[in-house]
Amino acid sequence: MMKKRIYHRFPRREVQFEQKNRYYADLPYLVKVMANTDGRFGMFVTESVTRRGYRIQAKRELKVEIVMNGIDFSPLNYRNADSVVGTIEPEGMVDFRISLKYSYLDGEYSRVPFKGDVFLVRAILEGDVLTLRINHIDGPGRTECGRIADTIVDELRRGS
């Protein structure tokens, strides 16, 4: 059974970032790739949480969720990807919530978490054009919306 995968509170007017890409697959493939990005991480340089003007090396980990019934999000990962993919139309719209968890190593090499960022991502597939609309909805903004779009496109090219 196909379910609506559109979040009813997605910002309609003030989309913070939009990117169009040529895309030769379908939405179920996109959902599978998104599921495989859950738990991925990378390192980046950002301002210290404790000392102003001081730069630190931090870890950024992705958590991916997909909208369920228009109002709730549920985790999307490689374990449940197949059951979710079966409910996705080949074309149309799908909404995701991507949470970035940040942490760094302190002087004693203990991992210290700090406030992350949360994004809403709307993927719209029409023909061979995939439009990504991204809004930052919570957090300090250590990662830009464009970086989220680049990550998604890179993962699609890599064929996660």
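This one's a predicted model, so the numbers in the text were calculated from it and none came from an experiment.

Novice: Any chance you could explain the overall build of the chain here in plain terms?
Specialist: If you tally the helices and strands in the chain, you get 3 helices and 7 strands. Reading the chain from its N terminus to its C terminus gives the helix and strand order β-α-β-β-β-α-β-β-β-α. Here the C-alpha atoms of the chain give a radius of gyration of 16 Å, agreeing with the 15 Å that 2.2 N^0.38 yields for 160 residues. Its C-alpha atoms give the chain principal-axis dimensions of about 50 × 35 × 30 Å. Out of the 160 residues in the chain, the part that is buried amounts to 44%. Contacts spanning at least 24 positions in sequence make up 64% of the contacts within the chain whose residues lie at least 6 apart. Carbon together with sulfur atoms contributes 49% to the accessible area of the chain, which is approximately 9,000 Å² in total. Computing the positive centroid from 27 side-chain charges and the negative centroid from 22, the chain places the two 2 Å apart.

Novice: Can you help me understand the nonpolar core in this one?
Specialist: One recurring pattern in soluble globular proteins is that nonpolar side chains are buried together. Counting 38 residues, the largest nonpolar core has Leu 30, Val 31, Leu 76, Phe 96 and Ile 152 as the members making the most contacts within it. Contributions of two or more residues to this core are made by helix H1 (27-37), strand E3 (55-67), helix H2 (81-85), strand E5 (92-105), strand E6 (111-126), strand E7 (129-138) and helix H3 (145-158). Formed by 5 residues, the second largest nonpolar core is a distinct cluster that contains Tyr 7, Phe 10, Val 67 and Phe 73.

Novice: Looking at this structure, how should I read the layout of surface pockets?
Specialist: Summary: where empty space remains is shown by rolling a probe the size of a single water molecule over the atoms. Empty space within the largest pocket amounts to approximately 270 Å³. Lining the largest pocket are 15 residues, with Phe 41, Gly 42, Leu 62, Arg 147 and Thr 151 positioned closest to its centre. Elements with a minimum of two residues in the lining of the largest pocket: strand E2 (41-47), E3 and H3. Considered class by class, the residues forming the lining of the largest pocket number 5 nonpolar, 4 polar and 6 charged.

Novice: What should I look at first to understand empty space enclosed by the protein in this one?
Specialist: Evaluated as defined, the whole model comprises 1 cavity of 30 Å³ or more. In this model, the largest cavity occupies a volume close to 60 Å³. Met 34, Thr 37, Leu 62, Val 64, Ile 98, Ile 148, Thr 151, Ile 152 and Glu 155 together form the lining of the largest cavity. Of all the elements in the fold, those that place two or more residues in the lining of the largest cavity are H1, E3 and H3. By residue number, the principal contributor to the lining of the largest cavity is H3, which donates 4 residues. Tallied by class, residues from the lining of the largest cavity come to 6 nonpolar, 2 polar and 1 charged.

Here is what the cut-offs are and how they apply
- Residues numbered from 1 in each chain as written.
- Predicted model: local features only at pLDDT ≥ 70, side-chain atom pairs only at ≥ 80, totals over all residues.
- Heavy atoms only, no water.
- Helix = DSSP H or I, 4+ residues; strand = E, 2+ residues; numbered from the N terminus.
- Rg over C-alpha atoms; globule rule 2.2 N^0.38 Å.
- Buried < 20%, exposed > 50% of the residue type's maximum accessible area, 1.4 Å probe, protein only.
- Contact = heavy atoms within 4.5 Å.
- Areas by Shrake-Rupley, 256 points an atom, 1.4 Å probe, with all protein chains shown as cover.
- Lys, Arg positive; Asp, Glu negative; His and termini not counted.
- Charge placed at Lys NZ, Arg CZ, Asp CG, Glu CD.
- Core = buried A, V, L, I, M, F, W, Y, C linked by side-chain atoms within 4.5 Å.
- 1 Å grid on protein atoms, 1.4 Å probe; cavity = no way out; pocket = protein on both sides within 12 Å on 5 of 7 lines; lining within 4 Å.
- Points joined across faces, edges and corners; volume = space filled by probe spheres on them.
- Nonpolar A, V, L, I, M, F, W, Y, C, P; charged D, E, K, R; others polar.

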